[in-house]
Amino acid sequence: MINLGLIKGATLNLDYSKIGWKMTIFLGVYLRESFMYKQVIEALRKVPEVVKIHHSTGKYDIFLKMHARDSMHYRDVYQDTILTIEGIKGVESFMSVEENMSRHIAFE
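The structure reproduced in this document is the subject of the present report. Note that the coordinates shown come from a computational prediction; the quantities given were computed from them, not determined experimentally. (Residues numbered from 1 in each chain as written. Predicted model: local features only at pLDDT ≥ 70, side-chain atom pairs only at ≥ 80, totals over all residues. Heavy atoms only, no water.)

Turning next to the packing of aromatic side chains. Applying the stated criterion across every chain yields a total of 6 aromatic pairs. Relative to F63, the ring of F26 has its centre 6.2 Å away and its plane inclined at 15°; by these criteria the two rings are stacked. Taken together, the residues F26 in strand β1 (residues 23-31) and F63 in strand β3 (residues 62-68) connect sequence positions 37 residues apart. Among the residues examined, F63 registers a relative accessible area of 28% and is labelled partly exposed. By the ring-pair criterion, three or more aromatic residues cluster together here, those being F26, Y30, Y60, F63 and F94. A cation over a ring is seen here: R69 above W21, with NZ or CZ 5.3 Å from the ring centre. (Phe/Tyr/Trp six-rings, centres within 6.5 Å; stacked < 30°, edge-to-face > 60°. Helix = DSSP H or I, 4+ residues; strand = E, 2+ residues; numbered from the N terminus. Buried < 20%, exposed > 50% of the residue type's maximum accessible area, 1.4 Å probe, protein only. Lys NZ or Arg CZ within 6 Å of the ring centre and 35° of its normal.)

Next comes the structure, spelled out in structure tokens:
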């Protein structure tokens with residue numbers, strides 16, 4: 001399955017709160033120009049707190065997931081790193097209060 005490209009790798013499913021990372025945040029990103037998505041995604045990939053990035057359709061150009069230790073850590077990453085990325089016009093943030101499911105599709 002690895003040779004067929006079905007398996008891209010393997011990761012651990014961590015409980016971030018147990019290691020002091022108490023916040024999970026989703027961000028909807030608006031771009032200044034839609035063609036800038038590749039350079040913005042490359043810049044976001046360099047932010048250690050960002051764990052998932054999706055180039056998306058609909059209201060947002062990019063949708064991402066990140067973790068932070070607390071609200072001050074989130075504020076620092078948000079204001080000092082994410083909002084300074086060239087090409088980002090604006091961001092809407094959504095705080096997760098609880099994750100209730102994480103799974104893969106069960107193929108029959």
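Within helix α1 (residues 37-45) the residues assigned to the buried category are V40, I41 and L44. Buried residues of α1, seen end-on, are gathered within an arc of 100° and therefore sit on one face of the element. What points out from α1, more than 90 degrees from its buried face, is the exposed set K38 and R45. Residues of α1 that are buried make contact with β1, β2 (50-55), β3 and β4 (88-96). (Arc of directions from axis to C-beta. Contact = heavy atoms within 4.5 Å.)

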